[in-house]
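So you can see what is in the structure, the chains are spelled out below.
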Amino acid sequence: MQWIAGILLTGAVVFTGCSNESKEGLNPITSCDTVNVTYAATIKPLTDQHCALSGCHADGSSNSTGIVLSNYAGLKAIADDGSLLGTLRGQGYILMPLNGPKLDDCTIAKYARWVASGAPNN
């Protein structure tokens, strides 16, 4: 009887170990650094990648809205009036980027942090 209990205990330890390894792979820890968000190092590159593209918001002639996001002044204007975060979140505005996937939560959090700090040109 003791050997059966030993086998069961060994099996429980082995299977528990396998189970924990599997759980780690299913729930990877991700982080989003919004501590040092600046216009030059964070916001401008994201805007250039997702918004200030030819045919979108690179210049006033390429879209019907006339919104230009390739420079600080254009982005600051929509940050101040609330439409930047509204369009990125799809809250009260058409979701942007238009005809593209919604930006990930971390990217939106970086924009939100920048706007909350007054959208400085830093």
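If you're wondering where the values come from, they're calculated on a predicted model, not measured in any experiment.

*Asks:* Give me the lowdown on the overall build of the protein, citing residues and values where you can.
*Replies:* Secondary structure summary: the protein contains five helices and zero strands in total. Along its sequence from the N terminus, the protein presents helices and strands in the succession α-α-α-α-α. Considering the protein as a whole, with its 122 residues, one finds that 25% of them fall into the buried category. In the protein, 49% of the contacts between residues at least 6 apart in sequence involve partners at least 24 apart. Surface exposure of the protein reaches about 8,000 Å², of which carbon and sulfur atoms provide 60%.

*Asks:* Run through the pattern of salt bridges, naming residues and quoting values.
*Replies:* Throughout the structure, instances matching the rule amount to two salt bridges. The partner of Lys44 in a salt bridge is Asp48, and the shortest N-O contact between them spans 2.9 Å. Taken as a pair, Lys44 and Asp48 lie in helix H2 (residues 39-50) at a separation of four residues, close to a single helical turn. For Asp80, the salt bridge is made with Lys76, and the minimal N-O distance between the two is 3.1 Å. With Asp80 and Lys76 both in helix H3 (residues 72-80) and four residues apart, this pair spans about one turn of that helix.

*Asks:* Could you give an account of the state of the cysteines, with specific residues and numbers?
*Replies:* Here a disulfide denotes a covalent bond joining the sulfur atom of one cysteine to the sulfur atom of another. Counted according to the given criterion, the structure contains one disulfide. There is a disulfide in this structure between Cys32 and Cys106, and the S-S distance comes to 2.1 Å. When the S-S torsion is 90°, as for the bridge of Cys32 with Cys106, the disulfide is right-handed. Pair noted here: Cys32 is in the loop between helix H1 (2-26) and H2 and Cys106 is in helix H5 (residues 105-116), with a separation of 74 residues, a long-range link. Considering cysteine sulfurs only, Cys51 is the nearest to Cys56, which forms no disulfide, with 8.3 Å between them. Classification of Cys56 as partly exposed rests on a relative accessible area of 32%.

*Asks:* Quick one: what's the story with the layout of surface pockets, residue by residue and with numbers?
*Replies:* Its boundaries defined by the atoms lining it, the largest pocket holds a volume of some 470 Å³. Around the largest pocket sit 21 residues that line it, and His57, Thr65, Ile67, Met96 and Leu98 are the ones nearest its centre. Broken down by element, the residue count for the lining of the largest pocket peaks at four residues, all from helix H4 (residues 83-89). Here the residues of the lining of the largest pocket are counted per class, giving 13 nonpolar, eight polar and no charged.

*Asks:* So, the environment of Asp48: which residues are in play, and what are the values?
*Replies:* Owing to a relative accessible area of 31%, Asp48 belongs among the partly exposed residues under this scheme. Once the C-alpha coordinates of Asp48 and Asn71 are considered, the two residues, 23 residues apart in sequence, prove to be 9.4 Å apart.

Calculation rules
- Residues numbered from 1 in each chain as written.
- Predicted model: local features only at pLDDT ≥ 70, side-chain atom pairs only at ≥ 80, totals over all residues.
- Heavy atoms only, no water.
- Helix = DSSP H or I, 4+ residues; strand = E, 2+ residues; numbered from the N terminus.
- Buried < 20%, exposed > 50% of the residue type's maximum accessible area, 1.4 Å probe, protein only.
- Contact = heavy atoms within 4.5 Å.
- Areas by Shrake-Rupley, 256 points an atom, 1.4 Å probe, with all protein chains shown as cover.
- Salt bridge = Lys/Arg side-chain N within 4 Å of Asp/Glu carboxyl O.
- Disulfide = S-S within 2.5 Å.
- 1 Å grid on protein atoms, 1.4 Å probe; cavity = no way out; pocket = protein on both sides within 12 Å on 5 of 7 lines; lining within 4 Å.
- Points joined across faces, edges and corners; volume = space filled by probe spheres on them.
- Nonpolar A, V, L, I, M, F, W, Y, C, P; charged D, E, K, R; others polar.

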